[in-house]
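Listed below are the residues making up each chain.
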Amino acid sequence: MVTVKQVEDDNLVSKGAIPEQLKCPRFCFRDIRIPLYRFSSQSLLDDSPFEGHVCITEDEQSALDSLLLAQWEDKMWKGILRYDVTTSEIKVIFGRRKFIAQLNERLGMDYVPKPEPDKICGQGNLSEFQRTKHQEEFLFYVASGEMAIPELVPSAAMPDGAVLIIINEIPVEYGHVFLVPCGSDSLAQVLDTKSLEMVARFAVEINNCSFRLFYDCPTAGTSHRYFEACYFPSPLPVELTPVDTFFHEGRRGMRISAVTDFPIKTLLFESKKKFKRMVEVLVEICCQLQEKNIPYNLLISDCGKKIFLFLQKQNMANSGTLSAWECGGYFLFQSRSEFDQATEETMLNKLRDVSLDDEGFQVVKELCCSIADKFAA
Amino acid sequence: MESQLNFNIENSFDSRYSFCARQALDDLPYSFTITDPSISGHPIVFASEGFLKVFGYSKDEVVGKNGRVFQGPKTDRKSVMEIREAIREERSMQINLLNYRKDGTPFWMLFHLSPVFSEEDGRVVHFVGVQLPILPPRRPRWSASGVVRNGANLCEEGDRVCGNTNIMFGSCRRELCSDTPVELSRVLALESVLDDSSRERHSLPRAGILSSSLNISLGRIKQSFVLTDPHLPDMPIVYASDAFLRMTGYARDEVLGHNCRFLSGADTDFSTLYQIKESIKTEQACTVRILNYRKDKSSFWNYLHISPVRNASGKVAYFVGVQIEEGCKNQDRNGLCPEMRHRSVVGAVKVAVRSLSMGAGPSRS
């Protein structure tokens, strides 16, 4: 049994001098008070990330999972969401791969351009930022903690190094949220280790196999570090596909594998020990991909134990044309006729068309090995 | 409460199979376990002598535990996931798996899993797991040619092993489905029910029966709640959590199949009942305070939230009712206020039910 220590006030938030970076006007929303979940001090990301962790038992829903589901359902109840995603029909597309299709007729009608979270924590014209509109979409903060067990503070201002969880009002699946790292180093241009560690930890503590985390690489000339997540009802096709390991350091160290026979070129990163180092390696790889203009997406699944890296081919806009869940094999259709006529072949083609080619894939695999070796040394 | 869980576990085997069946199974030299997916945590309810010998545990150390306690750091996660998927889809499978004995030593085994279907209503009542220790697979799991899904063709030994597994598995199944040692014809007839290779059971659960994977998912939710089915006459309860049974004092079989009105009594407010009925009719969620009665006739104020829950078709499949007893020393472990506790149960149930009835191919309306 896990107990969450509930603290009545936010004395834990540092009241010292505001660091230089935080004086930037983009942090004007800092005094918005919402629940705060602090991880326990036991670090998940050192040597034994997934064994004997004090707050994770598989037999019951975790505290973080309860919090996220409660907040999400509450917003649904209060009408913040544009539609009830559970009314969208889903089916498995007939075939060996078990691609999943969703009929979502509302998505097209209510389309709001994706980069909205950037206006909160990244670049963007702050005068457009409507604080009141967005405030009700904020669910809670997640931050590291000092106690032996996780803490839930009912209402707190944003602490340093927090990740802000925002509801996505046009959800792709139940529980769809944005995870926006708002740390003091948010001036960074690319995906960074701290953010990836925090969101991976989030996935581990949610401890719900339906929960997946995504990251789509930014389009050229922009940067963002926000992630997305939601609960998918069944395995994604990429998770069921066999892999071929081409790098591993010892039995419990990092393992990098290529997903075989999948229409889009995909790598899988796993590590039983030295999870932190794997995150560093992955971030370095993504930086290099960005420099080489290779669009990519990340999918974190199996409660944080697996990280898939999808590789798309270079294109004029230097941005990925598919989102991470599409790469994983989950597709949305906006019309009944498209939904009814979807076949495995069309899905395969959709993925193949954007995939990095064999040659490029070989280069990336070699890059992974050399970076992994460098960090292993 | 522990004693209720222990009772369920002890009862799981004995309520279905006779004493003779237990004896017959005890005589089989093989290593196998029987698990019950309808009990929270999907625990082992029977472990053979062969199993205890292979793993080095005593019966008391094993009954009530989930199979994952025999896994360890080197156990391949993908294999574990495949097993989980097979349980979810209620089908048989076979895989090489690394397990750990009580003394911590790891060993490879060929693991065969199969559901046991009830003769009466066709739902899965147990899973049988057979463990056959084998030499380590010739090539390591992460071989150049990729992971072999079922592990059956890794080496010649595998073929012989599979043959043996089927034989021992067949005898397990035979023992389980016969009440007493019986004529061949009856065994063959029952065998065809359990024959997983030609399983024609329709994917939609029969009236009122929940799939074992839904049972397992719902078992993780520790609050008091029930699931009712609006498509069945009189909208009966089809799932009740352990916490609900504790709160109301009823046993599970006294509650399943009945409409929730048994909780109402002399002083329950009519207008509240009407409000609930109207919400259900319009497929809306509602929150009410209602006076309810336990089995022992004592009353309590129930802070109740009811919400429709949809499955893959997008249509309402169930209603979930979440109960919070007012005034009770609500030991909420997650630090959430009552409204939020309602919501977290609704969310978890919605996620669990969302994948139900996900058909393949052209959509049905």
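Since the structure is predicted, the reported quantities are computational estimates derived from the model, not experimental observations. (Residues numbered from 1 in each chain as written. Chains lettered and ligands numbered in written order. Predicted model: local features only at pLDDT ≥ 70, side-chain atom pairs only at ≥ 80, totals over all residues. Heavy atoms only, no water.)

## Concerning the overall build of chain A
Now for step 1: Scanning chain A for helices and strands turns up ten helices and 16 strands.
Now for step 2: Buried positions account for 61% of the 377 residues belonging to chain A.
Now for step 3: For chain A, long-range pairs separated by at least 24 residues make up 72% of all intrachain contacts whose partners lie at least 6 apart in sequence.
Now for step 4: A total accessible area of about 14,200 Å² is found for chain A, and carbon and sulfur atoms account for 51% of it. (Helix = DSSP H or I, 4+ residues; strand = E, 2+ residues; numbered from the N terminus. Buried < 20%, exposed > 50% of the residue type's maximum accessible area, 1.4 Å probe, protein only. Contact = heavy atoms within 4.5 Å. Areas by Shrake-Rupley, 256 points an atom, 1.4 Å probe, with all protein chains shown as cover.)

## Quick look at the environment of Gly72(B)
Residues and elements named next belong to chain B.
Now for step 1: Positionally, Gly 72 belongs in the loop between helix H4 (59-62) and helix H5 (77-88).
Now for step 2: The exposure class of Gly 72 is partly exposed, given its relative accessible area of 24%.
Now for step 3: Remark: the alpha-carbon pair of Gly 72 and Asn 8, spanning 64 residues in sequence, is separated by 27 Å.

## Quick notes on the sheet that holds strand E9 (residues 299-310) of chain B
Residue and element names in this part refer to chain B.
Now for step 1: Pairing in this open sheet of five strands is antiparallel, and the strands run E7-E6-E10-E9-E8 from one edge to the other. Of all the strands in the sheet, just strand E7 (237-240) and strand E8 (286-293) have a single pairing partner and so form its edges. Ignoring strand direction, the axes of neighbouring strands in this sheet form an average angle of 30°.
Now for step 2: As paired strands, E9 and strand E10 (residues 316-325) are joined by nine bridges and run antiparallel to one another. Counterpart to Pro 308 in the pairing with E10 is Phe 319.
Now for step 3: Here helix H8 (residues 212-219) sits on the sheet in contact with strand E6 (225-228), E7 and E10, set at roughly 45° to E7. (Pairing = 2+ DSSP bridges. Axes fitted to C-alpha atoms, helices over the stretch in contact; angles between N-to-C directions.)

## Brief notes about the confidence of the model for chain A
Residues and elements named next belong to chain A.
Now for step 1: Summing up the model confidence of chain A, the mean pLDDT is 80 and the portion of residues at 70 or higher is 76%.
Now for step 2: When the elements of chain A are averaged for pLDDT, helix H3 (residues 118-121) gives the smallest value, 46, and strand E15 (residues 306-311) the largest, 96.
Now for step 3: A low-confidence stretch, residues 111-116 (pLDDT under 50), is modelled with eight contacts involving residues beyond four sequence positions or located in other chains.
Now for step 4: Throughout residues 118-132 the model reports pLDDT below 50, and contacts reaching past four residues in sequence, or to other chains, amount to 29 contacts. (pLDDT = per-residue confidence, 0-100.)

## With respect to the interface of chain A and chain B
Now for step 1: At the interface, 63 residues of chain A touch 55 residues of chain B.
Now for step 2: Buried area between chain A and chain B, both sides added, is near 5,100 Å², and the carbon and sulfur share of it is 54%.
Now for step 3: The interface formed by chain A and chain B holds seven salt bridges in total.
Now for step 4: Notably, a salt bridge pairs Asp74(A) with Arg343(B), separated by 2.9 Å at the nearest N-O pair.
Now for step 5: Summed over the shared surface of chain A and chain B, the result is ten residue pairs in polar contact (both at pLDDT 80 or more).
Now for step 6: Secondary structure elements with two or more residues in the side of chain A that touches chain B: helix H1 (63-77), strand E3 (90-92), strand E11 (243-248) and helix H8 (336-341) of chain A. (Buried area = accessible area lost by both parts, 1.4 Å probe. Salt bridge = Lys/Arg side-chain N within 4 Å of Asp/Glu carboxyl O. Polar contact = N/O pair within 3.5 Å; in protein donor to acceptor, adjacent residues only side chain to side chain.)

## Examining helix H6 (residues 275-291) of chain A
Residues and elements named next belong to chain A.
Now for step 1: Relative to the 24 Å expected for 17 residues at 1.5 Å per residue, H6 spans 25 Å between its end C-alpha atoms, a close match to the ideal helical length.
Now for step 2: Within the sequence span of H6, burial applies to Phe 275, Arg 277, Met 278, Val 279, Val 281, Leu 282, Val 283, Ile 285, Cys 286, Gln 288 and Leu 289.
Now for step 3: Close packing links the buried residues of H6 with helix H5 (193-206), strand E12 (254-259), strand E13 (266-271), strand E14 (296-301), E15 and helix H10 (358-376). (Expected span 1.5 Å × (residues − 1).)

## A closer look at the pairing of strand E7 (residues 163-167) of chain A
Along any regular strand the residues' side chains alternate between the sheet's two faces.
All names here are of chain A.
Now for step 1: Taken across its five residues, E7 has five buried, putting it largely inside the fold.
Now for step 2: Burial along E7 is two-sided: Val 163, Ile 165 and Ile 167 facing one way and Leu 164 and Ile 166 facing the other are all buried.
Now for step 3: Inspection of the sheet shows strand E5 (residues 138-143) paired to E7 by four bridges, in the antiparallel sense. In the strand pairing of E7, Val 142 is matched with Val 163.
Now for step 4: With five bridges joining them, E7 and strand E8 (residues 177-181) adopt antiparallel strand pairing. Within E8, the residue paired with Ile 166 across the bridge is Phe 178.

## What about the sheet that holds strand E5 (residues 124-133) of chain B?
All names here are of chain B.
Now for step 1: Taken together, five strands build an open sheet; the order of strands is E2-E1-E5-E4-E3 and the sheet is antiparallel. The sheet terminates laterally at strand E2 (44-47) and strand E3 (93-100), the two strands that pair on one side only. Going across the sheet, the axis of each strand differs from the next one's by a mean of 30°, ignoring polarity.
Now for step 2: The strands that H5 touches are E3, strand E4 (106-117) and E5; relative to E3, the one it contacts most, it runs at about 130°.

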